[in-house]
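Structural overview
Single-letter residue listing:
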2 protein chains.
Amino acid sequence: MHSQRIIRSYSALFRKLQIISNIQRHKTQQVAEKIQIPSSFAADLAQIVGKHNVSTANAVREQHGHDESYHSIELPDMVAFAECTEQVSEVARLCNHHGIPLIPFGSGTGLEGGVNAVKGGVCLDLSKMTKIVSVNAGDFDCTVEAGVTRKTLNSYLRDTGLWFPIDPGADASLCGMCATSASGTNAVRYGTMRENTMNLEVVLADGTVFDTAGKGKRTKKTSAGYNLTNLFVGSEGTLGIITKATIRLYPQPEATISATCHFETVQAAVDSTVQVLQCGIPIARIEFLDEVSVDACNKFSKLNMKVAPSLFLEFHGNASGLEDQTKLVAEIVQANGGSNFVWAKDPEVRNHLWKARHEILYACMALKPGTKPYSTDVCVPISNLPKVITRTKEMIQEAGIIGPIVGHVGDGNFHVFYPVHPDDQETLAKVKDVSHKMALLALELDGTCTGEHGIGQGKRELLEREIGESGIKVMRHLKMALDPRGIMNPGKVFF
Amino acid sequence: MHSQRIIRSYSALFRKLQIISNIQRHKTQQVAEKIQIPSSFAADLAQIVGKHNVSTANAVREQHGHDESYHSIELPDMVAFAECTEQVSEVARLCNHHGIPLIPFGSGTGLEGGVNAVKGGVCLDLSKMTKIVSVNAGDFDCTVEAGVTRKTLNSYLRDTGLWFPIDPGADASLCGMCATSASGTNAVRYGTMRENTMNLEVVLADGTVFDTAGKGKRTKKTSAGYNLTNLFVGSEGTLGIITKATIRLYPQPEATISATCHFETVQAAVDSTVQVLQCGIPIARIEFLDEVSVDACNKFSKLNMKVAPSLFLEFHGNASGLEDQTKLVAEIVQANGGSNFVWAKDPEVRNHLWKARHEILYACMALKPGTKPYSTDVCVPISNLPKVITRTKEMIQEAGIIGPIVGHVGDGNFHVFYPVHPDDQETLAKVKDVSHKMALLALELDGTCTGEHGIGQGKRELLEREIGESGIKVMRHLKMALDPRGIMNPGKVFF
């Protein structure tokens, strides 16, 4: 038995070394030279999208060379603005012919450097494709072009009695949200983009345009062939460009109530959450804030909450259903030692509360003026959440840095929003170290290194650890099958 | 403008011809000879799984050469029973080496001939892999081996307060349900296998074993790399063999009420359903039965229902929540002219009702003794459902055949269960004709040719129409990338 154990541990070590050597190899590939763009290329692009839709100006390239994350700007060689799918298709065909990187750009609100042009090339801005193609109120679905953002859609839907609940905070484009597999505060009840995307119009690297579920299809269910829709959801622009999305809508809730409450410990807040879910309460939002986040919120958004581990809750339903839900949740919270239960029925008070929740990134930055956000994102089975949060808080304290914790606790997903001065290399190094260790801990505890931000540039090494050598190999095979020249958003998801 | 229209219509025609010629080409490929198995092969298999786990007996091959559908038996050359993932991996490697077809077999309860060995080869029966690997009650998830069926799991879970709600009727294996992207009566509330599968252990054609979401991962959300889990869900054994599944569990409802009610028209029943969904009522089951099905149910299951288009409903929740839901639904039904609302609170009455619903396939066969079922499966946006059902009923009447209609109406999904004598070629031809026309109508109305039964052998041509040439090409590329020798369940999904 003893020798078997040694063999096993040796073979595990060997496997690890293999993975590390693979990572090294990929890293070497990554440093390859940027592609030289032919001098006539901008003119060729202009032939397709019009001269007014091509820019090599520094300001435009800079604007398109980064998202909202800490990753350094990486400039594309030029930016093209597409106005329709046919143009996207022709641009793809042109880039593919020349082997030039092509990076789709939605709203630029990503958090892992997904749009940064690490190998130069063409950034294709889709924000001019703003048609809401159809709203089928009776079927709870709609189809939008790539440039439509979630707030625009919800404004448009206001009088239909329907809404699209997925809410990552930022006013992201809906097709961009598909590309990143986004979610946010309402996911605990309504799911993520994975569960809410019914069909996608996609342009492949070679210019092929097709609908992942078949032309015009918009069914709640299907088992017709491979689930291509969900292959493209979360593919981060590396398999093709999403030009249209057909997504699910929901009835606007008849009534909404929000609430906040506070706990002695992280464990008590998470225990309450688990019990809420166990009771089958269809809670719409259940957000955790640690005491540092609450403090930041109080200061930035003029709230007056107890500085303690807290939950922000929201309930959707009809009047009597809400009464039932809120009563039950209040009992659960009380049983876990929760206190200061404050209800917010008035829309203004509710909006103020959720505005504060959504502004928390800025609130955290305001804790150290002049800083930029370094945001992390792990997700674990909910029973492991207290362990990961508690250990993360310890590591933050040990490193002597500021790291407010905010979590979509009903999904086991949380973030740390570190405020970091751009020039403060020492703090940045500490933040990176703690973030990496936090992600490794999440992986150890059956979790993922990203619940909703995606891999982008920032988590490629972690993806290799998470999915393993065979999983990466399968992903690479799929990438090769659909984008053999590797032009689609290179340097993202994989090294 | 006029000439442009002509050009467009010509190019549409040209495209259609291209698709048809493609279909013809694929059909020719399909008639290729069956593969010759080396004489030593059974012995090689026995080396892996043990002699007692390999059979070339006719009875065993026959048992494994068909599912529950009308598709003719197609015998595998031999049947192997795997007892663990390592054996599955070695069997795959062996088959891949020799280029021998490998067909995974779960419970054999499919409805599109997905397990029939159209090119011979090895049928790999997974029913001996019956471990429930883990149940994480606090995280609402569990992991099961390939042979565990949904009823076995739910019996096992009885005392945990949790259950797995996806219910396709048959006692299918859970990994088989993953492979077909199954769903059933509870999908309107709990989703399908697509939404409820968190991770899969998969064996690829070359024997590689990997976890689609990474080893041991079981998070509610993830955006780490491509969604491989949902690539394998619904892949019908053509991309690899699912040997373990990690799936979501739900709290057992505190209380359950069922009900039936009847309508003058199909439209009124569907209108009621849409309004129920629009009100955001979390109904657990909402099943449509046309008057022919009700009649069959009355006769077979000793019910005494009004012979009219009907809804079977089920509500899950706590006592006060249920009161609220049922009151609202009763109002909606009444407003649509529904009548004879009968509530079933008593578990025995409820079980009798749902047993009748689940036995409906047999009830339909009993309408013409000695027949076998030919079952169809389309899904459309719910607003188009009355149109498809009404036209289907007309076509059934015009053809002079019996075709009871049953639908998961909340999902826009319905079936016709035709009773057909195996030797009655004339009726079979009529049934096939009506089924095909019904599927084409569904495609025309933004629907799919299969909501939950899969493509198997029966719907390959329809898949080509549904997904189009480019979509099929993408699917084929993915298949080629993961199974370059084409050994995995050949002749399914594609021609």
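Definitions and limits used
Along every chain, residues carry numbers that run from 1 in the direction the sequence is written. Labels follow written order: the first chain is A, the first ligand is 1, and so on. At least 70 in pLDDT is required for a residue's local features to be given in this predicted model, at least 80 for side-chain atom pairs to be given and counted, and no such filter applies to totals for whole chains, interfaces and linings, which use all residues. To get the side-chain values, all heavy atoms of the structure are used, and hydrogens and water are removed first. UniProt positions are given in the numbering used here, feature names are shortened, and annotations may be inferred rather than shown by experiment. Here a helix means four or more residues in a row that DSSP labels H or I, a strand means two or more in a row labelled E, and each is numbered from the N terminus. Restricting the calculation to C-alpha atoms gives the radius of gyration, and the globule rule supplies 2.2 Å times the number of residues raised to the power 0.38. When a residue's accessible area, from a 1.4 Å probe over protein chains only, is under 20% of the maximum for its type it is buried; when over 50% it is exposed; and in between it is partly exposed. The contact rule is simple, with two residues in contact once any of their heavy atoms fall within 4.5 Å. Take the accessible area each of two parts loses on contact, using a 1.4 Å probe, and add the two losses: that sum is the buried area. Salt bridges are defined as contacts in which a side-chain nitrogen from Lys or Arg sits within 4 Å of a carboxyl oxygen from Asp or Glu. Think of it as three bins: nonpolar holds Ala, Val, Leu, Ile, Met, Phe, Trp, Tyr, Cys and Pro, charged holds Asp, Glu, Lys and Arg, and polar takes everything else, Gly as well. Under this scheme, a helix contributes an axis fitted over its contacting stretch, all axes are lines through C-alpha atoms, and angles between N-to-C directions fall in the 0 to 180 degree range. Note on convention: the crossing is left-handed when the near helix lies turned anticlockwise from the far helix by less than a right angle, right-handed when the turn is clockwise. Here, nonpolar core refers to any group of buried Ala, Val, Leu, Ile, Met, Phe, Trp, Tyr and Cys residues whose side-chain atoms link them within 4.5 Å. Think of it this way: DSSP has to see at least two bridges between two strands before they count as a pair. Charged residues are defined here as Lys and Arg on the positive side and Asp and Glu on the negative side; His and the ends of the chain fall outside this count. For the purposes of these results, a polar contact is taken to be a pair of N or O atoms within 3.5 Å, where, inside protein, one atom must be able to donate a hydrogen and its partner to accept one; residues adjacent in sequence count only when each atom of the pair is a side-chain atom. Here the copies were fitted onto each other by least squares, based on C-alpha atoms from residues at pLDDT of at least 70 in both. Points on a 1 Å grid, built from protein atoms alone, make a cavity when a 1.4 Å probe fits but cannot get out and make a pocket when they are open with protein on both sides within 12 Å along at least 5 of 7 lines; residues with an atom within 4 Å of a point are the lining residues. Grid points are joined across faces, edges and corners, and a volume is the space filled by probe spheres set on the points. Between 65 and 115 degrees an angle is taken as roughly perpendicular, under 35 as roughly parallel, over 145 as roughly antiparallel, and anywhere else as oblique. Domain start and end points were adopted from an automatic or database domain assignment.

The name given to chain A in an unreviewed UniProt entry is Probable D-lactate dehydrogenase, mitochondrial, and the organism recorded there is Potamilus streckersoni. Quoted straight from UniProt, the Cofactor (unreviewed entry) entry for chain A says "FAD". Taken from UniProt, the Subunit (unreviewed entry) comment for chain A reads in full: "Interacts with CSRP3."

Below, the discussion takes up the overall build of chain A. For chain A, the count of helices and strands is 17 helices and 19 strands. In terms of overall dimensions, chain A is globule-like: its C-alpha atoms have a radius of gyration of 23 Å, near the 23 Å expected for 495 residues. Each of the three principal axes of chain A carries a C-alpha extent, and together these read 70 × 65 × 50 Å. Considering chain A as a whole, with its 495 residues, one finds that 62% of them fall into the buried category. If you take every contact in chain A between residues at least 6 apart in sequence, the share linking residues at least 24 apart comes to 72%.

Between chain A and chain B, the contact holds 86 residues from the first and 86 residues from the second. Taken together, the two surfaces of chain A and chain B that pack against each other cover about 6,400 Å², and 57% of this comes from carbon and sulfur. In terms of surface lost to chain B, no three residues of chain A exceed Lys221, Ser223 and Tyr226 of chain A, which account for 15% of the buried area on that side. Inspection of the region where chain A meets chain B yields 10 salt bridges. Within the residue set of the side of chain A that touches chain B, elements represented by two or more residues are helix 7 (187-190), helix 8 (193-196), strand 9 (209-211), helix 9 (228-232), helix 10 (266-278), helix 12 (319-335) and helix 17 (460-482) of chain A. Looking at the side of chain A that touches chain B element by element, the count peaks at 12 residues for helix 17 of chain A. Of the residues that constitute the side of chain A that touches chain B, the class distribution is 31 nonpolar, 38 polar and 17 charged.

Before going further, it helps to spend a moment on the packing of helix 10 (residues 266-278) of chain B against helix 12 (residues 319-335) of chain B. Residue and element names in this part refer to chain B. At their nearest, the axes of helix 10 and helix 12 sit 9 Å apart, and the two run at 145° to each other. Crossing hand, helix 10 versus helix 12: right-handed. Of the residues in helix 12, those in contact with Ser272, Gln275 and Val276 of helix 10 are Val329, Ile332 and Val333. Tallied by class, the residues present in the contact of helix 10 with helix 12 amount to four nonpolar, two polar and no charged.

Within the largest apolar cluster, 250 residues are counted, with the highest numbers of intra-cluster contacts made by Leu102 and Leu153 of chain A together with Leu102 and Leu153 of chain B. Once residues within four sequence positions are removed from consideration, Leu153 of chain B is found in contact with Ile132, Cys142, Val144, Val148, Phe164, Leu174, Ile247 and Leu249 of chain B.

This next bit is on the sheet that holds strand 1 (residues 54-55) of chain B. Residue and element names in this part refer to chain B. Spatial strand order, 1-2-4-3: four strands in an open sheet with mixed pairing. Whereas interior strands pair on both sides, the edge strands pair on one side only; in this sheet they are strand 1 and strand 3 (102-105). Two elements, strand 1 and strand 2 (residues 78-81), share two bridges in a ladder whose sense is antiparallel. Opposite Ser55, over in strand 2, you have Val79 as the bridge partner. In the packing of helix 2 (residues 41-49) onto the sheet, the strands contacted are strand 1, strand 2 and strand 4 (122-125), and the crossing angle to strand 2 comes to about 10°.

Attention shifts here to helix 11 (residues 291-301) of chain A. Considered for burial, the residues of helix 11 of chain A that qualify are Ser293, Val294, Ala296, Cys297, Asn298 and Ser301 of chain A. Buried-residue contacts for helix 11 of chain A involve strand 13 (285-289), strand 14 (310-317), helix 13 (347-358), helix 14 (360-366) and strand 18 (405-408) of chain A.

This paragraph deals with the pattern of salt bridges. Residues and elements named next belong to chain A. For the structure shown, the criterion picks out 50 salt bridges over all chains. Glu291 serves as the salt-bridge partner of Lys393, at 3.2 Å between the closest nitrogen and oxygen. Placement of Lys393 in helix 15 (residues 385-399) and of Glu291 in helix 11 is noted, with a sequence separation of 102 residues between them. Given the relative accessible area of 28%, Glu291 is considered partly exposed.

Residue and element names in this part refer to chain A. By the element assignment, Arg61 lies in helix 3 (residues 58-64). Here Arg61 occupies a buried position and makes no salt bridge, while the nearest side chain of opposite charge, Asp77, is found at 5.0 Å. At 3.0 Å, the side chain of Arg61 forms a polar contact with the side chain of Asn58. A polar atom in the side chain of Arg61 sits 2.7 Å from the backbone oxygen of Pro76. Residue contacts for Arg61: discarding those within four places in its chain leaves Thr56, Leu75, Pro76, Asp77, Met78 and Val79.

Looking now at the relation of the copies chain A and chain B. Turning chain A through 180° and shifting it by 0.0 Å along the axis lays it on chain B, with an RMSD of 0.0 Å. The two molecules are tied by a two-fold rotation axis, judged by turn and shift. When the interface residues of chain A are mapped onto chain B, 100% of them are again interface residues, pointing to one common binding face.

Think of a ball as big as a water molecule: rolled over the atoms, this probe shows where empty space is left. Enumeration according to the criterion identifies three cavities of 30 Å³ or more in this entry. By volume, the largest cavity amounts to about 520 Å³. Along its surface, the largest cavity is lined by 44 residues, and Arg194 and Asn230 of chain A together with Arg194, Asn227 and Asn230 of chain B are the ones closest to its centre. Elements with a minimum of two residues in the lining of the largest cavity: helix 8, strand 8 (197-203) and helix 9 of chain A together with helix 8 (193-196), strand 8 (197-203) and helix 9 (228-232) of chain B. The class makeup of the residues in the lining of the largest cavity is 11 nonpolar, 19 polar and 14 charged.

All names here are of chain A. In contact at an axis separation of 9 Å, helix 2 (residues 41-49) and helix 4 (residues 85-98) are set at 155° when each is read in the N-to-C sense. As far as their axial angle goes, helix 4 and helix 2 are roughly antiparallel. In the crossing of helix 2 with helix 4, the sense of the turn from one axis to the other is right-handed. Within the contact between the two elements, helix 2 uses Phe41, Asp44, Leu45, Ile48 and Val49 and helix 4 uses Gln87, Glu90, Val91, Leu94, Cys95 and His98. Partitioned by chemical class, the residues of the contact of helix 2 with helix 4 number seven nonpolar, two polar and two charged.

Here the focus is the domain arrangement of chain A. Residue and element names in this part refer to chain A. The domain architecture assigned to chain A consists of domain 1 (41-127), domain 2 (132-251) and domain 3 (255-444). The C-alpha-based centres of domain 1 and domain 2 are spaced at 22 Å. In this assembly, 14 residues from domain 1 lie in contact with 18 residues from domain 2. Across the domain 1/domain 2 interface, buried area totals approximately 1,200 Å², and carbon plus sulfur atoms make up 66% of it. Considering only the side of domain 1, the residues that lose the most area to domain 2 are Thr85, Pro104 and Leu126, jointly responsible for 35% of the buried surface there. In this structure, the connection of domain 1 to domain 2 is made through zero salt bridges. One can count three residue pairs in polar contact (both at pLDDT 80 or more) joining domain 1 with domain 2. Mapped onto the side of domain 1 that touches domain 2, the elements with two or more residues apiece are helix 4 and strand 3 (102-105). It is helix 4 that contributes the most residues to the side of domain 1 that touches domain 2, six residues altogether. Grouping the amino acids of the side of domain 1 that touches domain 2 by side-chain chemistry returns six nonpolar, seven polar and one charged.

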